[in-house]
Amino acid sequence: MLLILLAGVAAGALNAVGGGGSFVALAALVGAGMPPVTANATTTVALLPGNATSAWVYRRELEGFHRPSPLRLTLASACGGAIGAGLLLLLPSASFDAAVPWLLAFATLVLAFGKRLTAALRLGYPGPAAILAGQFLLAIYGGYFGGAVGLMMLAFWTATTTLDPARGNPLRVVQVAAVYLTAAVIFVFAADVLAQPSQLVAMLTGATIGGYGGAHVVRRLPAGVLRGLVLSTAVLMTGLFFVRAFR
């Protein structure tokens, strides 16, 4: 329980400062013996309060996004998160087990090369409808798995809007919280996240502490340090899940 609590603190802090907290939370719960699908659902529920507290800290710092409005973007995130959560519960668990290492690898590549790729592919800014559609698809991914979804959002906004990545972190936190909110509601009532309440409470408590503290710490740490920390965690967790899947 102590290790899960500490993993929750780390996950909440990582999500507040740059994303990637689900890597730590998912690995900790699976390592504790929880089935991957249940662990993924539990991660979403447990990290929601941490994202919510970070969003509260950032509530006055939303800026740079006008077309579409942050409200419409949040609605797209909430709807997509619900659909992604439904897909996780409806699709066979074996499919998720097999997909997890590859989803982690994909998310890690986005973390490592997303900014360069979006800069190379920048062809002009699409309209608000296209941005909302892209956000909706990213939210479906976030509800289904969630690994690095916040960083994928930043990469997407960088490529399709004039939003500077350095000013996009508050908006990222709010949108990830919207995805987690609707997905968590579905998981609480339709998944087995309440079957092991002690692990859920330990992860949830740690994530809330980490989310609140991390949102304050992020203003003091260099961006390069934060990015290196998140990327190192992603690479490590991806390797561990590949070893687990193919041993």
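Residues numbered from 1 in each chain as written. Predicted model: local features only at pLDDT ≥ 70, side-chain atom pairs only at ≥ 80, totals over all residues. Heavy atoms only, no water.

A.B. asks: What should I look at first to understand the overall build of the protein chain in this one?
C.D. replies: When you go through the protein chain residue by residue, the secondary structure sums to ten helices and zero strands. Along the protein chain, helices and strands appear, N-terminal first, in the series α-α-α-α-α-α-α-α-α-α. Across the protein chain, every contact between residues at least 6 apart in sequence was considered, and the portion connecting residues at least 24 apart equals 83%. Taken as a whole, the protein chain presents about 11,000 Å² of accessible surface, with 72% of it coming from carbon and sulfur. (Helix = DSSP H or I, 4+ residues; strand = E, 2+ residues; numbered from the N terminus. Contact = heavy atoms within 4.5 Å. Areas by Shrake-Rupley, 256 points an atom, 1.4 Å probe, with all protein chains shown as cover.)

A.B. asks: Teacher, can you tell me more about helix α7 (residues 149–160) here?
C.D. replies: Residues spaced three or four apart along an α-helix point in a common direction, a consequence of the helix completing one turn every 3.6 residues. Under the 1.5 Å per step criterion, the end-to-end length of α7 is 16 Å for twelve residues, consistent within 8% with the ideal 16 Å. With eleven of its twelve residues buried, α7 lies for the most part within the structure. Every buried residue of α7 is accounted for by V149, G150, L151, M152, M153, L154, A155, W157, T158, A159 and T160. (Expected span 1.5 Å × (residues − 1). Buried < 20%, exposed > 50% of the residue type's maximum accessible area, 1.4 Å probe, protein only.)

A.B. asks: Hey, could you run me through the UniProt feature "transmembrane region" (unreviewed entry) in the protein chain in this one?
C.D. replies: Feature annotation in UniProt places "transmembrane region" (unreviewed entry) on residues 37–58, 70–92, 98–117, 129–157, 177–195, 200–218 and 224–243, given in this structure's numbering. Taken as a whole, residues 70–92 contains 91% helix and 0% strand, while its terminal C-alpha atoms sit 35 Å from one another. The span residues 177–195 is 74% helical and 0% strand by assignment, and the distance between its end C-alpha atoms comes to 24 Å. (UniProt positions renumbered as here; feature names shortened; annotations may be inferred.)

A.B. asks: I keep staring at the environment of L231 and nothing clicks. Help me out?
C.D. replies: Within the secondary structure layout, L231 lies in helix α10 (residues 223–246). Look at L231 and you get partly exposed, because its relative accessible area is 25%. Between the C-alpha atom of L231 and that of L109, which follows or precedes it by 122 residues, the distance is 9.2 Å.

A.B. asks: Teacher, can you tell me more about the side chain of N40 here?
C.D. replies: Positionally, N40 belongs in helix α3 (residues 36–57). Classification of N40 as buried rests on a relative accessible area of 2%. With residues up to four places along the chain from it excluded, the contact list for N40 reads L26, L88, F96, Y144 and F145.

A.B. asks: Is there a simple way to think about the packing of aromatic side chains in this case?
C.D. replies: Aromatic rings considered in pairs are described by the distance between their centres and by the relative angle of their planes. Going through the model one piece at a time under the given rule, you end up with two aromatic pairs. Pairing W102 with F242 gives two aromatic rings, centres 4.9 Å apart and planes at 90°, and the pair type is edge-to-face. Of the two residues, W102 sits in helix α5 (residues 93–121) while F242 sits in helix α10, which places them 140 residues apart along the sequence. Using a relative accessible area of 53% as the deciding quantity, one classes W102 as exposed. Residue classification places F242 among the partly exposed residues on the basis of a relative accessible area of 22%. Judged by centre distance (6.1 Å) and plane angle (70°), the ring pair of Y141 and F145 falls under edge-to-face. For the pair Y141 and F145, a shared accessibility class is recorded, and that class is buried. (Phe/Tyr/Trp six-rings, centres within 6.5 Å; stacked < 30°, edge-to-face > 60°.)

A.B. asks: What am I meant to see in α3 here?
C.D. replies: The terminal C-alpha atoms of α3, which comprises 22 residues, lie 31 Å apart, in line with the 32 Å expected from a rise of 1.5 Å per residue. L48 marks the point of greatest bend in α3, at about 35°, and the proline P49 comes within the next four residues. The buried count for α3 comes to 18 of 22 residues, which makes it a mostly enclosed element. (Bend = angle between axes of the 7 residues up to and from the residue.)

A.B. asks: Explain empty space enclosed by the protein to me, please; I cannot follow it from the model alone.
C.D. replies: To locate leftover empty space, one rolls a probe as large as a water molecule over the atoms. What the rule picks out here adds up to two cavities of 30 Å³ or more. In this structure, the largest cavity encloses a volume near 60 Å³. If you trace the largest cavity, you find eleven residues lining it, with N15, G20, G146, V149 and G150 closest to the centre. Of all the elements in the fold, those that place two or more residues in the lining of the largest cavity are α7 and α8 (169–190). (1 Å grid on protein atoms, 1.4 Å probe; cavity = no way out; pocket = protein on both sides within 12 Å on 5 of 7 lines; lining within 4 Å. Points joined across faces, edges and corners; volume = space filled by probe spheres on them.)

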